[in-house]
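Overview (structure and organization)
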Amino acid sequence: GQGVDANALQRALKKLEALNQRKPDIVKMRVVWSMTVPETAAALEVSPSVVDRDWKFAKAWIADEVGLTRT
């Protein structure tokens with residue numbers, strides 16, 4: 001796997017937070033706290049489909065921000 005600079009990741013999350021507060025919250029819940037989609041949805045009081053959509057968007061957006069190529 002390709003390593004990610006933690007500082008670059010932090011900057012990307014901050015930029016994402018400026019655009020939309022829920023998306024970085026979802027990233028933190030899923031990545032830092034290893035929460036499932038249903039757990040994240042319950043915590044944020046949104047549907048699992050909203051979490052799934054935002055999770056996919058956030059992963060792609062962050063990958064672009066930090067310069068990772070997706071396959």
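Refer to the preceding data block for the structure.
Residues numbered from 1 in each chain as written. Predicted model: local features only at pLDDT ≥ 70, side-chain atom pairs only at ≥ 80, totals over all residues. Heavy atoms only, no water.

Thoughts on unusual backbone geometry
Notably, serine 34 is not glycine yet its phi reads approximately 55 degrees, a positive angle. Within the element layout of this structure, serine 34 appears in the loop between helix H2 (22–32) and helix H3 (37–44). One non-glycine residue, glutamate 45, lies in positive phi territory at about 55 degrees. Structurally, glutamate 45 is set in the loop between H3 and helix H4 (48–65). (Helix = DSSP H or I, 4+ residues; strand = E, 2+ residues; numbered from the N terminus.)

Describing H3
When H3 is considered as a whole, its buried residues turn out to be Val37, Thr40 and Ala41. With its buried residues spanning 100 degrees around the axis, H3 presents them on a single face. The outward face of H3, more than 90 degrees from its buried face, is lined by the exposed residues Pro38 and Ala42. Lining the buried residues of H3 we find H2 and H4. A positive backbone phi angle near 55 degrees is found at glutamate 45, which sits one or two residues after H3. (Buried < 20%, exposed > 50% of the residue type's maximum accessible area, 1.4 Å probe, protein only. Arc of directions from axis to C-beta. Contact = heavy atoms within 4.5 Å.)

Quick look at the packing of helix H1 (residues 6–19) against H4
Two packed helices can be described by the angle between their axes and the distance between those axes. Following both chains from N to C, one finds H1 and H4 inclined at 130 degrees, their axes separated by 9 Å at the closest point. In terms of orientation, H1 and H4 fall into the oblique class. Read as a crossing pair, H1 and H4 show a hand that is right-handed. Contact residues: H1 offers Leu9, Ala12, Leu13, Lys15, Leu16 and Leu19, while H4 offers Phe57, Ala58, Trp61, Ile62 and Glu65. Class assignment of the residues belonging to the contact of H1 with H4 gives a composition of nine nonpolar, no polar and two charged. (Axes fitted to C-alpha atoms, helices over the stretch in contact; angles between N-to-C directions. Parallel < 35°, antiparallel > 145°, perpendicular 65-115°, else oblique. Left-handed = near helix turned anticlockwise from the far one by under 90°. Nonpolar A, V, L, I, M, F, W, Y, C, P; charged D, E, K, R; others polar.)

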